[in-house]
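So you can see what is in the structure, the chains are spelled out below.
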Amino acid sequence: MSIVITNIGELVTNSQADGGGSAPGGLAPAGGAAQRSAGQGFSAIENAALVMEDGSVAWTGPANKAPAADSQVDASGRAVLPGFVDSHAHLVFAGERGAEFAARMAGRPYSAGGIRSTVAATRAASDAELAANLGRLAAELAAQGTTTFECKSGYGLTIADEARSVALAAEVTPEVTYLGAHVVPAEFESDPEGYLDLVTGPMLAACAPHSRWVDVFCEQGAFGADAARAVLAAGQSAGLAGRVHANQLGPGPGVQVAVECGAASADHCTYLSDADVDALAASRTVATLLPGVEFSTRHPYPDARRLLSAGATVAIATDCNPGSCFTTSMPFCIALAVREMRMTTQEAVWAATAGGARALHREDIGHLRVGARADLVLLDAPSHAYLAYRPGVPQVAAVWRDGQLITG
Ligand SMILES: [Zn+2]
């Protein structure tokens, strides 16, 4: 069964596997940085067509050269993009914290008890309640064009609650992350070493069968450098590749630990030293920026331009969670990245597609080269730029995942 989408105004392919792309239409990349940093690997074809067959992209090129297919979709001049890849989300939880958000916007300080209130609600919830909330959020992601998402545990913090969190996550995504090292739970307040032993021992053993990744919140008040190294090393010996919550709330060792341990991604990257930027630029560790968090907490945004100019690979993700950022919208995060972090529209779209794929070590998604998984979004707009140009407006007309129409 093959499908051809014809009359595509702009087909974003991200066709250069390793960056080096230039802006579409032959325009020179903005800024004085190297080409890779200006557009990352963004590329697009105008007046294009795409054929998908058996769940993969089979052909892309000019619309007037498109081969025949079993069925045809007329894009009517609209844009087609790779499906968004949300490489950072916390979706297994119960309860909500709308009042805490409202209080924060009214000027009251962020309450450190926030995560713990979600932990209490999550522990008290049934599997069915957690699965229903997870399913609702997964449907929101799909409706907004996200075709792959990562999902972390981290609101259970007991062996049983973390194990069921990763098992529930594995029902909705292959990109499951074990985040027992989210915070030290209240019952271990006087024994953080004991909690670390749990996280790197029996809790890891219970979670590893359902997980692909291990993550640690490396931050003052959470886990320090040595503890983070221990979590990543234990995860790696159980077959899990690493990711790190790094340098979100202040300067710290998170980025250096991530690079040193070969983590796929250092996430947040809000407070970076020159050495941190250099380390990211010289490594395969992706700098994943989460601008929805800064929006929702009124913290300063990370400096995307500094990372891009240095040659680091930048991804954008939602960090969807009930406390610091409760959005599932990659289009919203793209708009923030463009407006608030001064990324070009091309850079931001690349970061939300190919960048996320890079952060998940996935080569089959995030681009629309021949052979890619047929994960794509038809926008109700003529170009990718509309994602930032028309913020807050629903523009996802249709979504295919694995060649199947899931929305539209
Ligand atoms: Zn997070």
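Residues numbered from 1 in each chain as written. Predicted model: local features only at pLDDT ≥ 70, side-chain atom pairs only at ≥ 80, totals over all residues. Heavy atoms only, no water.

A.B. asks: Lay out the packing of helix α6 (residues 192-200) against helix α8 (residues 225-237) in plain terms, naming residues and giving numbers.
C.D. replies: Viewed as axis vectors pointing N to C, α6 and α8 meet at an angle of 20°, and their least axial separation amounts to 9 Å. The angle between α6 and α8 falls in the class roughly parallel. The crossing of α6 and α8 is right-handed. Along its contact with α6, which presents L196, V199 and T200, the element α8 presents A227, A230, V231 and A234. (Axes fitted to C-alpha atoms, helices over the stretch in contact; angles between N-to-C directions. Helix = DSSP H or I, 4+ residues; strand = E, 2+ residues; numbered from the N terminus. Parallel < 35°, antiparallel > 145°, perpendicular 65-115°, else oblique. Left-handed = near helix turned anticlockwise from the far one by under 90°. Contact = heavy atoms within 4.5 Å.)

A.B. asks: Could you give me a rundown of the state of the cysteines, with the residues and numbers involved?
C.D. replies: One way to say it: the disulfide is the covalent bond shared by the sulfur atoms of two cysteines. This structure, assessed with the given rule, holds 0 disulfides. Among the cysteines around C207, which has no disulfide bond, C151 carries the closest sulfur, lying 12 Å off. (Disulfide = S-S within 2.5 Å.)

A.B. asks: Summarise the sheet that holds strand β10 (residues 241-246); cite the residues concerned and give the values.
C.D. replies: Strand order across the open sheet formed by 8 strands is β6-β7-β8-β9-β10-β11-β12-β13, with parallel pairing between neighbours. A strand with exactly one partner marks an edge of an open sheet, and here the two such strands are β6 (84-86) and β13 (314-316). Across the sheet, the mean angle from the axis of one strand to that of its neighbour is 25°, orientation sign disregarded. In this sheet, strand β9 (residues 213-218) lies alongside strand β8 (residues 175-181) in parallel orientation, the contact comprising 3 bridges. Across the sheet, residue Y178 finds its bridge partner in β9, namely V214. (Pairing = 2+ DSSP bridges.)

A.B. asks: Lay out the environment of T200 with the relevant residues and their values.
C.D. replies: Looking at where T200 falls in the secondary structure, it is placed in helix α6. Separated by 204 residues in sequence, T200 and Q404 have C-alpha atoms that sit 39 Å apart. Ignoring anything within four residues of it in the chain, the contact list for T200 reads A230, V231 and A234. Engagement of the side chain of T200 in a polar contact is seen with the backbone oxygen of L196, the distance being 2.8 Å. (Polar contact = N/O pair within 3.5 Å; in protein donor to acceptor, adjacent residues only side chain to side chain.)

A.B. asks: Explain the coordination of the zinc ion residue by residue, including any values.
C.D. replies: Within the protein, H88 (NE2), H90 (NE2), H245 (NE2) and D319 (OD) serve as the donor atoms for the zinc ion, at 2.0 to 2.4 Å. Look at where the donors of the zinc ion fall in the sequence and you get H-x1-H-x154-H-x73-D. No difference in accessibility class separates H88 from H90, as the two residues are buried. (Donors = N, O, S within 2.8 Å, 3.2 Å for Na, K, Ca; no water. Buried < 20%, exposed > 50% of the residue type's maximum accessible area, 1.4 Å probe, protein only.)

A.B. asks: Quick rundown of helix α5 (residues 159-170)? Include the residues and the values.
C.D. replies: End to end, α5 covers 17 Å across 12 residues, agreeing with the expected 16 Å (1.5 Å per residue, within 8%). Of all the positions in α5, only D161, E162, A163, R164, S165, V166, L168 and A169 are classed as buried. Against the buried residues of α5 lie α3 (114-124), α4 (127-143), β7 (146-152), β8 and α7 (202-207). (Expected span 1.5 Å × (residues − 1).)

A.B. asks: An account of the pattern of salt bridges is needed here, citing residue identities and associated values.
C.D. replies: Tallied over the full model, the rule gives 19 salt bridges. A salt bridge links R136 to E140, with the nearest nitrogen and oxygen atoms 3.4 Å apart. Taken together, the residues span about one helical turn, with R136 and E140 both in helix α4 at a distance of 4 residues. With its nearest N and O atoms 3.2 Å apart, the salt bridge here joins D161 to R164. You can see D161 and its partner R164 sitting in helix α5, 3 residues apart, about one turn around the helix. You'll find D161 and R164 in the same group, each marked buried. (Salt bridge = Lys/Arg side-chain N within 4 Å of Asp/Glu carboxyl O.)

A.B. asks: Kindly report on the packing of aromatic side chains, identifying the contributing residues and their values.
C.D. replies: What the rule picks out here adds up to 5 aromatic pairs. Ring centres of Y386 and Y389 lie 4.9 Å apart, and the angle between their planes is 85°; this geometry places the pair in the edge-to-face category. Highlighted residues: Y386 and Y389, both in helix α15 (residues 386-389), separated by 3 residues, approximately one helical turn. Assessed through its relative accessible area of 25%, Y386 is described here as partly exposed. Through successive ring pairs, a cluster of aromatic residues spans F93, Y155 and F326. Over the ring of W213 we find R243, and its NZ or CZ is 4.5 Å from the ring centre. (Phe/Tyr/Trp six-rings, centres within 6.5 Å; stacked < 30°, edge-to-face > 60°. Lys NZ or Arg CZ within 6 Å of the ring centre and 35° of its normal.)

A.B. asks: Please provide a residue-by-residue account of the pairing of β8, values included.
C.D. replies: Judged by how many residues are buried, β8 sits mostly within the fold: 7 of 7 residues are covered. Where β7 meets β8, 3 bridges bridge the pair, whose relative direction is parallel. By the bridge assignment for β8, E150 is matched with E175.

A.B. asks: How would you sum up the environment of L81? Please name residues and give values.
C.D. replies: With respect to the helices and strands, the residue L81 is situated in strand β5 (residues 79-82). L81 sits 182 residues away from A263 along the chain, and the two C-alpha atoms are 28 Å apart. Residues within four places of L81 in sequence aside, it is in contact with V12, V349, L368, D375, L376, V377, L379, H384 and L387.

A.B. asks: Let's hear about the packing of α4 against α5: which residues, and what values?
C.D. replies: Where α4 contacts α5, the two axes come as close as 10 Å, and the packing angle between them is 45°. One way to sum up the angle between α4 and α5 is to call them oblique. Here α4 and α5 pass one another in a crossing that is right-handed. Contacts between α4 and α5 involve D127, L130, A131 and L134 from the first element and R164, L168 and A169 from the second. For the contact of α4 with α5, the residue count by class is 5 nonpolar, no polar and 2 charged. (Nonpolar A, V, L, I, M, F, W, Y, C, P; charged D, E, K, R; others polar.)

A.B. asks: Could you give an account of the nonpolar core, with specific residues and numbers?
C.D. replies: Ranked by internal contacts, the top residues of the largest apolar core, which has 89 residues, are L91, Y178, Y195, F223, L280, L307 and M343. Excluding residues within four positions of it along the chain, M343 makes contact with Q40, A304, R305, L308, V314, I316, A337, V338, A348 and A351. Counting residues in hydrophobic clusters, the runner-up holds 17 residues, among them M52, V57, V80 and L376. (Core = buried A, V, L, I, M, F, W, Y, C linked by side-chain atoms within 4.5 Å.)

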